[in-house]
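Commentary on secondary and tertiary structure
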Amino acid sequence: MSTFDTVVRGGRWFDGTGAPSAIRDIGIRDGRVAAISTEPLDTDGAQVIDAEGAWVTPGLIDIHTHYDVEVLDTPELTESLRHGVTTVFIGSCSLSTIYVNGEEAGDLFGRVEAIPRDHVIAAVDEHKDWSSPKEYVERLESLPLGANLAAFIGHSDMRTSVMGLDRATRSDVRPTHAEQARMEEMLGDALVEGFVGLSSQQLKFDKLDGVTCRSRTLPSTYAKPKELRRLKSMLRHSGRVLQSGPDIQNPLNLVSQMVQSIGFGRPVLKTSLLSAADVKSNEKALILMDRPTALINRLGGDFRWQHLPVPFEVYADGIDLVIFEEFGSGAAALHLRDDIERDALIQDEEYRRRFRKDYEQKFGIRVWHRDFFDADIVACPDESVIGKSFGQVGLDRGGLHPVDAFLDLVVEHGREIRWRTTISNHRPEMLKKIATWPTVQMGFSDAGAHLRNMAFYNSGLRLLRHVRDAEQAGKPFMSTEYAIHRLTGEVADFYDIDAGHLRVGDRADLVVIDPVHLDEQLEAYGEAPIEQFGQMSRMVNRNDDAIRAVMVSGQTVFADGEFASSVGTTRTGSFLRAGHTTPPTIAPPTTAERELIRSN
C-alpha cells in the first residue's frame, strides 16, 4: 500500500501564513496534506510532481468573480484553474441566481456584467431546479466542479424575488413588513448554509438589461437605510461579510459604509468594499482610502478595500463598454438595443453636444478619465486608423473634436472597431505601494464577466511577477511569502473558509509555480471561444509555462499545459462553507492523470 497518493518533491514550500519558505517534500493522502518533510518522502506507488526550482503554494483565491452563470454550463471553470486559482467566490455585486428566474437573471447580469442576456436566460432556465440556498448548494455539488466555490447571496437577487423587478427598482417603493421579513429569512437561510455573507451595491451606473426595467439601476441601489440596517445586523451577529460598492457620487455614502464597520457596542461588521485603485481621473482619490480605513480599523472596525494588483486595462468593441454608463449621454446610447436607433442617436448633433459636454466635465467623481487621446485603436476595417488614438484620428480628419472622431468611427464600423485604454493602476510605483497596504485585500478580477472587455484571470501570478522582479532588481517592496499570504491565507481567514493554507492536515489545494516563467507572457493578449455562449470569443490569459501543476482536493487538474481528462466529468471542487472544515472530494486518479505527472 502506498504511503502517499502524491508526493510533490523538492519545491520551495509556502504555507500561506507569510512564514518563511523552505525546500520541502509534500506528501498528500486522501485529499489532504499528510506530511511536509525536509527529507525525501517515500514515493513508492505514488504520483510524483517534480517541483525542483519551483514554488509550491496554496491554491490562489479569487474573491470577486461573476461565474454564477458560467458555472452552470461549464462547472470546471478552466480559465481560473489554469492560473492556479483553486477557489472562486460567486454572488458578487448584489447578483446571484438563488431566487431569480432566467429572465430576471438576464436583466440583472446581462448589461451590468456584459454577459449575453439570452445566454444567461437559457443557462438559468435550463439548470434551475432549486428554490433555496440549501438546494442551490446541493445543485452545485452535483456538478463536476473544477475549482472550489464560496458564495455571497445577492441583495438584488433577494429584492427582485420578493418585490418583483419593477417594484424593486422604483425609488418611491419600499418593501412591506412581510417582504422585509422574507428577505431576512432568505439571508438567514444562506448564512445557515455557509454563505460567506451578503453582497449589495450602491453604485449608480450599473444598469439593468431587458425591456421592462431597462436602464434602471440595480435593485439594491433602491434600498433605504432601514432595510440595509436590518440585513447588516444579521451579518454582524453571525460574523459574516458585507461586500458592497459605494455610491461614488455621494461621498457621505462612502463615509457611512466605512463607519458602520465599527461596532459601537455591537459586533463589528466585516466589510469588503469596491475598490482601491489608482484612477487616472483622480490620482488624489487614494488619500481617502488607506489612512482613513486604517483609522476605522483602529477604532474597532474590520474594513477592507478590494484591489486588483495590476493595471486596469480595458478593451471595447465600439461603444459597448460599461464606463459609458457613468454619464448621461453614454448611458443614453447603451440604453438603445437596436443598432439602427443607436446610430441615429449618435449622428444627432444635439446628442453630440451633450456627449461633448459630458466628456469635458472636469468636476465630480468619476471612473473613466475621459481622454480619447488615451484610447488606442487596435482593430478596424479601416487599417489607416489602427494604432492611433481617437484624438489623433480627429486631428488627422481636419481637427475634429475627439468625441466626434470616436462617434464617427462607431457609426462607420460599429462593433468592428476595437480599442483599449487603461483606466487605473497605471503608475507602477503606486501599484506596488497599494499592494502593501493592510487595508486592501487582493481581488476584483471580475472573472466570468465583461467577457470582451478585460481579462484578469492571472492577476495573482502577475502580482508575484512584480514581487520577484523587484526583488531581483534589488528594490523589494514585499516578500514573496507575504505576497502569497495576501493571495491565499489572508483572504481565506477573513472570510473564514477552509482554504488558503498548505500545512499538515490542510486540504491539498495547491499550485506549483515556475518562477522563471513569470514573464511578459503574463501580460499577453489572448482570446478563446465560449461554447455555451454561442462560441462568443472572450478575452483570456494564456501563460501555461508558469504553472507546472494545479491540484484540487489532492487531485491533479492541470499539469504541463494540459487539463486532466477527468476535468469536466469528475468533481474535484467543493462548496466551501464559512466557519466549517470542508472534506476534500476524493476520487482515484485515472491512468491519463498519472501520465500527466512527472514521475520517477
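Residues numbered from 1 in each chain as written. Predicted model: local features only at pLDDT ≥ 70, side-chain atom pairs only at ≥ 80, totals over all residues. Heavy atoms only, no water.

Going by the annotation in an unreviewed UniProt entry, the name recorded for the protein chain is Amidohydrolase 3 domain-containing protein, with Gordonia sputi NBRC 100414 given as the source organism.

Here we come to the sheet that holds strand β13 (residues 312-317). Across the sheet, which stays open at both edges, the three strands sit in the order β13-β15-β14 with antiparallel pairing between neighbours. Only two strands of the sheet have a single partner each, and these edge strands are β13 and β14 (376-379). Neighbouring strand axes in the sheet, compared pairwise and without regard to direction, differ in orientation by 35 degrees on average. When β13 meets strand β15 (residues 418-424), the two strands line up antiparallel, connected through six bridges. Of the residues in β15, the one forming a bridge with Tyr-315 is Arg-420. (Pairing = 2+ DSSP bridges. Helix = DSSP H or I, 4+ residues; strand = E, 2+ residues; numbered from the N terminus. Axes fitted to C-alpha atoms, helices over the stretch in contact; angles between N-to-C directions.)

It is worth spelling out the pairing of strand β5 (residues 55-58) at this point. The sheet contact formed by strand β1 (residues 6-13) and β5 spans two bridges and is parallel. Looking across to β5, one finds that Trp-13 is bridged to Val-56. Here four bridges tie β5 to strand β17 (residues 510-513), and the two strands are oriented antiparallel to one another. Along β17, the bridge assignment pairs Pro-58 with Leu-510.

Before going further, it helps to examine the state of the cysteines. This model, assessed by the stated rule, comprises zero disulfides. With no disulfide of its own, Cys-213 has Cys-93 as its nearest cysteine by sulfur position, at a separation of 20 Å. (Disulfide = S-S within 2.5 Å.)

In this section: the packing of aromatic side chains. Evaluated as defined, the whole model comprises 29 aromatic pairs. Here Phe-327 and Phe-355 contribute two aromatic rings whose centre-to-centre distance is 5.4 Å and whose plane-to-plane angle is 85 degrees, an arrangement assigned as edge-to-face. Taken as a pair, Phe-327 in the loop between β13 and α12 (328-335) and Phe-355 in helix α14 (residues 349-360) lie far apart in primary sequence, 28 residues in all. The pair formed by Phe-327 and Phe-355 is uniform in burial state, with each residue classed as buried. Grouped by ring-pair contacts, the aromatic residues Phe-324, Phe-327, Tyr-351, Phe-355, Tyr-359, Trp-368, Phe-372, Phe-390, Phe-406 and Trp-419 constitute a single cluster. For the cation-ring pair, Lys-270 lies above Phe-494, with the distance from its terminal atom to the ring centre recorded as 4.7 Å. (Phe/Tyr/Trp six-rings, centres within 6.5 Å; stacked < 30°, edge-to-face > 60°. Buried < 20%, exposed > 50% of the residue type's maximum accessible area, 1.4 Å probe, protein only. Lys NZ or Arg CZ within 6 Å of the ring centre and 35° of its normal.)

Here eight strands make up an open sheet; going across it, the order is β6-β7-β8-β9-β10-β11-β12-β16 and the pairing parallel. What marks the edges here is a single partner per strand, and that holds for β6 (60-62) and β16 (440-442). Looking at each pair of strands side by side, their axes are set apart by 30 degrees on average, direction ignored. Two elements, strand β7 (residues 85-90) and strand β8 (residues 148-154), share four bridges in a ladder whose sense is parallel.

Okay, helix α10 (residues 251-259) next. If you check which residues of α10 are buried, you get Asn-253, Leu-254, Gln-257 and Met-258. For α10, the angular spread of the buried residues around the axis is 135 degrees, confining them to a single face. Here the buried face of α10 lies against β10 (241-244), β11 (270-273), α11 (290-298) and β12 (303-307). (Arc of directions from axis to C-beta. Contact = heavy atoms within 4.5 Å.)

Before going further, it helps to examine the packing of α14 against helix α16 (residues 402-413). α16 packs onto α14 with a crossing angle of 125 degrees between their chain directions and a minimal axis gap of 9 Å. With respect to α16, the axis of α14 lies oblique. α16 is crossed by α14, and the crossing has right-handed handedness. Across the interface between the two elements, Tyr-351, Arg-352, Phe-355, Arg-356 and Tyr-359 from α14 touch Pro-402, Val-403, Asp-404, Leu-407 and Asp-408 from α16. The residue makeup of the contact of α14 with α16, split by class, is six nonpolar, no polar and four charged. (Parallel < 35°, antiparallel > 145°, perpendicular 65-115°, else oblique. Left-handed = near helix turned anticlockwise from the far one by under 90°. Nonpolar A, V, L, I, M, F, W, Y, C, P; charged D, E, K, R; others polar.)

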